[in-house]
Structures are given as structure tokens and as C-alpha cells.
Amino acid sequence: MGRVNRAILIYCVVKSIIFSATPEEAYIELEMKGQKNEFYRVLIDEETEKMYIGVGEFIDFARMDEVKFDKKRMRVKGKLDAEREIDIKIPKESSIETEDDIFIELDEFKRYFFIPESNWDNERYILNLYPEFKTSKESQDELNNQRSLLAMAKKERELEAKGDYIKKEKSLLSPGILKLSYTNSDIENNEYAVDIDYGTELLYGEFQISQKVYPESNLEYIRLQYREIFNNYYLTFGDFYLESDSIFDSERSMRGASFSKNEYYGIRIDNRTVIEGEAYNANLVELYRNGSLDDFQMVTGDRFRFDVINLSSTDRYTLKIYYRDGREETKEIYVLGNQNILNKGESDFVVQLGEGKDDKKNQYLGKFKYGLTKDLTVVTGVSLLENKLENKYEVLEGGVAYRFGLDEYPTLISGTFLEEFNSKELSFKGTGEQKLPYNTNLTMRYEKYRDKTAKRLKKDYSYNIDLSKEFRKLSGSVGYFKNSYEADDLHQIYLSLDYTLSRSVRMSLTSEYYKYSTPNTEPREVQGYGTQGKITYSGMDGIVAVLEGRVNYEESEMTEDEIKFGIAKSPTDKGFFKDVDAAFEVGHSKDKGTFFEVRFTYIFDGDIYIEFPDIRREDNKTRVGGRIEKSFYLGNPLLKINNNNVTDGWVEGKVFVDENSNGIMDENEDIYEGAEVIASGGTSSVKKNGKYIIGNISNKDIHMVEVNKETIDPMLIQGKEQIKFKGAISSGVKVDIPLVPVSMITGVVGNGEGTDEREYNSMLAGLNVILKKGDEEIGRTQPEIDGYYFFENILPGEYVVELLSTSKRYKGSFDRQRIEIGVKAGREGEYYEDNNFLIKNIEVVEDEILDEEEIEVKKDEENS
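Residues numbered from 1 in each chain as written. Predicted model: local features only at pLDDT ≥ 70, side-chain atom pairs only at ≥ 80, totals over all residues. Heavy atoms only, no water.

**Q** Summarise the overall build of the chain; cite the residues concerned and give the values.
**A** Each helix and strand in the chain was counted, giving seven helices and 60 strands. The buried share of the chain, reckoned over its 864 residues, is 44%. Sequence-distant contacts in the chain: of pairs separated by 6 or more residues, those separated by 24 or more amount to 53%. (Helix = DSSP H or I, 4+ residues; strand = E, 2+ residues; numbered from the N terminus. Buried < 20%, exposed > 50% of the residue type's maximum accessible area, 1.4 Å probe, protein only. Contact = heavy atoms within 4.5 Å.)

Below, the structure is given as C-alpha cells:
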């Protein structure tokens, strides 16, 4: 019986050896988080369809410089990334050992190397791996992106500092742009108006005037402004807003002279912020709080106003203004009354004087702020103000802001004293802010007033305590506010919440409870509460929407209610509706009833601005109106500049083939018809005379102009990677764009005699071919499976091609590692071929992993 059993056992072993299939070598495409090898060696068992991955090959493919593979001891040890380490001994029974590697079945391999997911395409032979660890390519790409962004920002700053951009010379007077506007607010009753706007460069500054002509003549707006003449300050003659303290009721809309860096600003009043200003020639203004849309307004005339509840003491506000010509502008808002610490030696000042546009009262203001240290800032100022009742205020202001405590959790306190000499009264405003752990802020505000000021404000003193906190998507604040005047007290408790559903959608909810008591002549106590909810959307294609509702109750009786929905679309660069914008708002309230407005605007032929219909219902009456505008450049009234803002300019020039790469159009060089030119104001096709023109170019900024690569020959590129120019005031900037013929550099990294084909393929996978011009790296590529490499779109110049091996496992020697190439200029580009390298020898480097005991034994062996 024992002999039979032994015979059966021998038969089974022989049969398994002769007839069982072993995994065979195959080549697949391996991808992992952007890394790719199109000729990667694996083993595949055709019967079981199991795949085996080589450990050494994978470590080399993934560029794991801190991971060692000891084939002899069948061990892998090291860091996969900053958070994950590996230390395994590969079992012999579950692996396949070859001459140069150890292969592990795919599922087992994934478990060892923290790869939870993979995807195998059996038809195309593509394997995708999705590891938990950060790959070396990810880390390198992040570093390269940071370096690239920093280098680009530095280069742009250096270029702008050197004035390395095209600009028009300043002038005393230019012809300017004249705009005619016809508006009919009620077509049925023919309530029309005619306006004239004019913009030009006057005395080297930006001059702008708006005059109402009919039905009454009135100077609506006038301003001569010099931008950034002293750092970031604006020198303005004409219309501006006065930056006076909120406790004084003097008019803020002024006509006079101003020297300030704040073009738009807000005023903090208790726990609210009022932001108002003029946006000339705008049709839509959006308000963003902490980067998310909070509200928007359709502009009628030029003025706008937002009155918002502060959800946090750290709220930051930004305006995005959309103009009728499709241009948009973003402005940071400086909030008067906010604490602001300057750096040591840094200063800020405001000087303003003029007459109120409506009340015609003279106002004068001067304020200076200076950073004594990085944590201590002092403020002083003088104001001579007058309200419409001819009450005059002569104010001396002094203040200090001081920061102390831990760097991570600082404390910031500030105080402002306002001495009013006419009434001989001293007012005080104080603020303290403490940053707490877990993204929490505690803010306390206190105000104290005397006699006349208290009577005017109905406030002897007030204080506000606010605690705000930010979570991942949720932020909010809870606060208490008290206002006391004589024997009257107002107590208010409020809760505000913000929840970000997505990058485009945000929900806000504010609730408040208040109690007002008057114990004097007619003693009474009033209690009330209110709630306001809002959903905002700011998405793609220039679409924004706001759904808002609020309700207030007092003594269980509704005193106020309103629900409102608004949606607006600003002009976009592309698509069927690229020259169309629209706005729609509908709402209902107890006092107003149902109200709505629908407005469509269209830029006809890129030159005429049409706003029709503008349908508005208010006070139980529906009106249909419209507007049409046309601008002319007085230097050439027939020139199609498609400008709607009279102080904007345009860019124009020629596109030509620059054969000698000198950047100048010579007599023998040809224009390039049909190319599309792109700038911030839009696009333009090059006409038969080689010219293009693009309007709506803001005079405030530095712009880029470029040719759409898809509209020119693939063997031509723009002669200069970035062509920058500064927009001109009410005039054009000439920018010619050279197109330079480009060449191609090609070559092969070949396999020398005596080198193994398998090792050659692995060597190529870890090889970079680098193109340099001087010390600057122009391009980098990896050879293809057959060793072929190429660089395209190469401009004339002297170049060097170099080899760089990134493989840790395969070390090669080459016949050469550097080739110098001179690319010539000419009418057409050339192919520079046969720039070949040869791998003469390849050495496989094996790691050794030793424990402490093994290290000691090895030392003893070496010493003996």
C-alpha cells in the first residue's frame, strides 16, 4: 500500500511539472498618477489570468529614492512618502524569482505597497494603479509648479519694474472719445433723456465728464484723476467720496480734490457695514464677502449701495463691477472703523476738500496713520465738516492700535478719540479683538458720546460682543449688542450662519431678537425678532443668482416682510450669447406689493450698445424702457473701436512673418492675414492689410495680447512668448505681433552592442532628454519605446541637448551626454535630425538591507 501511495505522489509531481503552465513575460502600459511606461514588463498566467509585478522594476518606475530592494534577502524597506513606510520580507511560496527581479501577484503587491485600487484593461493591456501615498512625480510637480509660479511672478514684477511693456507716451491732450446716449424710461409716456459723455487724456491725467442735455441740462459727473502717482494713491480733482467718520452726518458725495488710496470703501455702523459708491458706465455690481457672492445690484444711473449685516468681525468685502462694454473690474473694499496695523515705518494718509454735490456744503478732511513698530500704529486727523442743517463740526481725531500676545493667538486693541471743538465734546470708540484656537475670534466694541452728539445719534453709549468661528464649510457668529440713550435701552441678540454647499452655492441665515424699553413719560417695552435667509449662486458663464427672504415681528405682529429673487448674466467671451447680458429681479413685500425688473442688453456689431427691453414694475405700475449708446473716437470718427467706456482705449497693429527674428516688420516681410488676435477686450481677425484692432482695453492695467495658435500655420509661433502693453486713456496703443518660423530637433537614444534589450528598455524608462538655451531649461522629454525623442516649436538660437538618468537601479554609460545645435533663422523652419546618443553599457545596481546584527557581523568580517 505504501508503494502505491508513493507512486501516485511521484506521478502527480511529474504531471504538475510537465503539464502545468507557468506565468509568461508580457509588456503592458503602466500608469500611476501621471507617471507612465508604455513598455512595462510583467508576468501573466494565461490560465488564471493572474498578473505579477516586479518589485525592483516598480520601485525604479515610481522613483522611490528612499526605498531599498534587497533581492538576495527578498526584502523591501524604506519610505514611500513623508507619512508611509514599508518593511516587508517577500515569501518565497507566493512569489516568482527571475534572474534580475522578484515578481509578486498583483493583489498581494497592492497590499504591500498601499495601493487600494487598480484598473486592468485586458483588451488594451493598460494597468492603472491608484496608490494612497504621494508619488515622487506628484511631489516634483508641486515643487515645479510652485517654482514656476514664483518665477513667473518674479519675472512679471521685474518686467513691469523695468517698464518692459509697450506703452503710449503721455500727452497734454488727446482727441478723446465722445459717447451719445438716448434713454427712454417709459416708452408709453415718452419719458426720454439725452446724455453726452466725454473722456480724454488731459494734462497727463484721465479726464471724464458726463453732461445731461435733455430734458434738463445738468453736470452729472466730472473728474480729472492721476492714478498711482505716489505708490497706490489716487489724486482726484472732481467727484469723490468723503472718508469721514460715521458719527457725523455731513454729505459724503463730494466735488473737489482728494488724495487717497481708497477708491471704494465701506462704513461700519454698529454690526452693519454700508458700502456705497459710483460705478460709472456699469450695469451690474456684485458684492462678495470672504470670496463668496453676497448680493448684487442692477445699476440705474451710476450709484450703488449695499447695507449688509456683519457675520464676523473678520469679514472681507470685494466688489466686482461689470461695465456695459463687457469689461469687469474687481475692487477690494476698505472698511472705515476696522482695525488696521501698519508695518514699522509704513504710513497712510488721506487729504480731501470740496463741496457736497447735493447740499453744497464745504467739507475738509485730513488724516495720517503711521506704524511706530510692527505692532503699534498711531492715527491723527483733522476734519471741518457741515451738514445740510448748517451744523458745523470741527474735529480733532487721535487713535492708536496695538497688537500683543502670542503669534498664533494675538490680541489687537484700538481706540479712537474724536474731539469736537464747537460743542467741546469728546467721543470715544474702542475695539478689542482676540484670536482663539479652532479658528475662533472674539471681538468687543465700545462707543461713548456726550450731549449733542449723543442726542443726534440717540446714543449715550453702546457696546457689542461678538464670537465668530469657522468650520470647514460652516461659519457663523453669535453676538450681543446694547444701545443706551438717556433712560432708553435697546438690547439685541443675534445669530448668523454661513454654509457653503459648493464653490458656487452658499446659504446664509441671520436671526435676531431685540427688546426696546422706554421708562420715561410713556413707559413701554417692545419686543421683536426677525429672520433673514439668503441663497447665492455664482457659477460659470457669468451667471449669478440670489434668493432672499426676510421677516420681522414686533409684539407678535408682522411689521416687515419681503421675498426677492434675482438672476443676472454678464457678457462672456465665447458662445452664442457672448455679446448679450440680462438681469431679472422679482419680489413681493407687504409695503411694496409685487415688484420686478427685466433688462436685456446687447452689443450690436461690437460697436453700438442697446438696452431693450427694460421692464420695471413698482408702485403698482409697469414701465417699459430702453437705452441706446454709441461712442466715437474724435481723432477718426469712422474707426470701429467698439468702446462703451469713454476713458478706455484700444490696441491695434499688424501681424507679420518675422523671417530674421528681429521683432520688426522689414520691407521684404509679409503680413499674415486671417489670424485671430486675443486681448482682454475681446478678439479680432487680421484683415487683408494685416491689421487688427481690439477695443474695451482698460487704461488702468497692463494687458497681454497674443495670436490664437489654432488660426496660424503649425510651423509658426509668436516671436515673443508674452507681449504686454499698458492700456491708454481714450486712445490706442500700437502693438505689432511677429510670427517666427520654428524648427524641430530630433534624435535617438540607441542601444549599444552587448547590452541586454530588457535592461535597455528599463534604462529608457528612467531617462530624461533636456533641451537648454544657455542656463535656461527650454524643454524636457522621455524617449519613446524605440529611443526616439523630439522637441518642436524651437525658435532660432543656440541650444544644447543633454541626457539625465533618473533611474536608481540602472546605471548606464553613454558615447556622449551633450550635443550643441545651432537653429538658424529663415522664411521657413527646418528639421534638425540625427542628434543621437548611444548607451554603451548598463549596470544593474542591487541594494543591500541589513539589520543591526547583520551590520555588526559584516563589520567583523571586513576587519578580520
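After presenting the structure, the write-up continues.
**Q** Summarise a negative patch on the surface; cite the residues concerned and give the values.
**A** Among the surface-exposed residues, E525, E554, E555 and E557 lie close enough to one another that they form a single negatively charged patch. By the secondary structure assignment, E557 is in strand β38 (residues 557-569). (Patch = residues over 30% accessible without salt bridge, like charges linked within 9 Å, V, L, I, M, F, W, Y side chains within 5 Å. Areas by Shrake-Rupley, 256 points an atom, 1.4 Å probe, with all protein chains shown as cover. Salt bridge = Lys/Arg side-chain N within 4 Å of Asp/Glu carboxyl O. Lys, Arg positive; Asp, Glu negative; His and termini not counted. Charge placed at Lys NZ, Arg CZ, Asp CG, Glu CD.)

**Q** Residue-level account of the pairing of strand β53 (residues 767-773), with values.
**A** The element β53 is largely enclosed, with a buried count of five among its seven residues. Alignment of β53 against strand β56 (residues 797-805), held across six bridges, turns out to be antiparallel. Each residue of the ladder has a partner; that of K772, found in β56, is V800. Pairing analysis gives five bridges linking β53 to strand β54 (residues 776-781), with the strands arranged antiparallel. Bridging across to β54, I770 finds its partner in R780. Count of turn residues in the β53/β54 antiparallel hairpin: two residues, of which G774 carries a positive phi of about 70 degrees. (Pairing = 2+ DSSP bridges.)

**Q** Account for the environment of E843, naming residues and giving values.
**A** Examined against the element boundaries, E843 turns out to sit in strand β60 (residues 837-844). For the pair E843 and K811, spaced 32 residues apart in the sequence, the C-alpha separation amounts to 5.1 Å. Ignoring anything within four residues of it in the chain, the contact list for E843 reads R809, Y810 and K811.

**Q** Which residues make up the nonpolar core, and what are the values?
**A** The biggest cluster of nonpolar side chains holds 33 residues, and the ones touching the most others in it are F58, V76 and F113. In this structure, F113 is in contact with V55, F58, I59, M64, V76, L80, I86 and F133, ignoring residues within four places of it in sequence. By size, the runner-up hydrophobic cluster in this structure holds 23 residues, among which are L764, V769, V801 and L803. (Core = buried A, V, L, I, M, F, W, Y, C linked by side-chain atoms within 4.5 Å.)

**Q** Can you break down the pattern of salt bridges residue by residue, with the values?
**A** Taken as a whole, this structure holds 42 salt bridges when the rule is applied. Its salt-bridge partner being E25, residue R758 comes within 2.8 Å of it at the nearest N-O pair. Of this pair, R758 sits in helix α6 (residues 757-765) while E25 sits in strand β1 (residues 24-32), and the two are 733 residues apart along the sequence. What makes R758 partly exposed here is its relative accessible area of 30%. The closest approach of N and O atoms between R111 and E108, which form a salt bridge, is 2.4 Å. Pair noted here: R111 and E108 are both in helix α3 (residues 106-112), with a separation of three residues, about one helical turn.

**Q** Residues and numbers for the environment of T711, please.
**A** Along the chain, T711 turns up in the loop between β47 (702-707) and β48 (716-718). Overall, the relative accessible area of 28% leaves T711 in the partly exposed class. T711 sits 35 residues away from E676 along the chain, and the two C-alpha atoms are 6.1 Å apart. Look past the residues within four positions of T711 in its chain and what remains in contact with it is Y672, G674, A675 and E676.

**Q** Report on α6, specifying residues and quantitative values.
**A** Turning to α6, its buried residues are E759, Y760, N761, S762, M763 and L764. At the N-terminal end of α6, a side-chain oxygen is found 2.9 Å from the backbone nitrogen of R758, two or three residues along, and the residue is D756. (Polar contact = N/O pair within 3.5 Å; in protein donor to acceptor, adjacent residues only side chain to side chain.)

**Q** Give a detailed account of the sheet that holds strand β10 (residues 126-130), specifying residues and quantitative values.
**A** If you walk across this open sheet you meet the seven strands as β7-β8-β3-β2-β1-β10-β9, and the pairing is mixed. Two strands lie at the open edges of the sheet, namely β7 (95-97) and β9 (117-121), each paired on one side alone. Pairs of neighbouring strands in the sheet enclose a mean axial angle of 35 degrees, with direction left out of account. (Axes fitted to C-alpha atoms, helices over the stretch in contact; angles between N-to-C directions.)

**Q** I'd love a proper account of the side chain of D60, names of residues and values included.
**A** Structurally, D60 can be placed in helix α2 (residues 55-61). One buried charge, D60, has no salt-bridge partner; the nearest side chain with opposite charge is R63, at 4.1 Å. Once residues lying within four places of it in the same chain are set aside, the contact partners of D60 are S807, K808, R809 and Y810.

**Q** I'd like a rundown of the packing of aromatic side chains, residues and numbers included.
**A** This structure, assessed with the given rule, holds 23 aromatic pairs. Aromatic pair Y402 and F404: ring centres 5.4 Å apart, planes at 20 degrees, arrangement stacked. F404 sits in the partly exposed class, given a relative accessible area of 35%. Cluster of aromatic residues (ring-pair linked, three or more members): Y40, F58, F61, F109 and F113. Above the ring of F471, the side-chain terminus of K469 is found at 4.7 Å from the ring centroid. Above the ring of F837, the side-chain terminus of R816 is found at 6.0 Å from the ring centroid. (Phe/Tyr/Trp six-rings, centres within 6.5 Å; stacked < 30°, edge-to-face > 60°. Lys NZ or Arg CZ within 6 Å of the ring centre and 35° of its normal.)

**Q** Give me the side chain of R627: which residues, what numbers.
**A** Its location among the elements puts R627 in strand β42 (residues 621-633). Note on R627: relative accessible area 16%, which makes it buried. A polar contact of 2.5 Å, which involves the side chain of R627, links it to the side chain of E629.

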